[in-house]
Amino acid sequence: MNITKIKLTDIKPYWRNPRNNFKAIDKVKKSIEDYGYNQPIVLDTNNVIIVGHTRYNALKQLEWKEADCLILNIAEKKAKEYRIADNKTS
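Residues numbered from 1 in each chain as written. Predicted model: local features only at pLDDT ≥ 70, side-chain atom pairs only at ≥ 80, totals over all residues. Heavy atoms only, no water.

### Observations regarding the pairing of strand 4 (residues 66-71)
For step 1, the next point in the chain: In terms of strand pairing, strand 1 (residues 3-7) meets strand 4 through 5 bridges, oriented antiparallel. Residue pairing in the sheet places T4 in a bridge with C69 of strand 4.
For step 2, the next point in the chain: In the sheet, strand 2 (residues 41-43) pairs with strand 4 via 3 bridges, with the strands oriented parallel. Directly across from V42, in strand 4, lies its bridge partner L70. (Pairing = 2+ DSSP bridges. Helix = DSSP H or I, 4+ residues; strand = E, 2+ residues; numbered from the N terminus.)

### Observations concerning the packing of aromatic side chains
For step 1, the next point in the chain: With the rule as written, the count across this model stands at 1 aromatic pair.
For step 2, the next point in the chain: Ring geometry for Y37 against W64: centres 5.6 Å apart, planes inclined by 65 degrees, an arrangement best described as edge-to-face. Pair noted here: Y37 is in the loop between helix 1 (25-35) and strand 2 and W64 is in the loop between helix 2 (53-61) and strand 4, with a separation of 27 residues, a long-range link.
For step 3, the next point in the chain: Looking at W64, the relative accessible area reads 34%, which means it is partly exposed.
For step 4, the next point in the chain: Positioned above the aromatic ring of Y14 is the side chain of R83, whose terminal nitrogen or guanidinium carbon lies 3.5 Å from the ring centre. (Phe/Tyr/Trp six-rings, centres within 6.5 Å; stacked < 30°, edge-to-face > 60°. Buried < 20%, exposed > 50% of the residue type's maximum accessible area, 1.4 Å probe, protein only. Lys NZ or Arg CZ within 6 Å of the ring centre and 35° of its normal.)

Dropping the structure here:
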């Protein structure tokens, strides 16, 4: 697994993200402040978020400039399936 630092300004939220998780952002911010940032955001090769929209929004609110990210080279269909599976298991 190759983790890469990416500027938050270069990360693009998935425009069809099925989850409205804005109420969880404050809890994720608190977790990052208390325990550190320990789970990378997962992106496709175009820097579009596959998994980690809430973490991304929390980091933006915490005024971080970059985040550790895992970039996956997978087909769009697989990325969509991964988004759905992750949302169902969160």
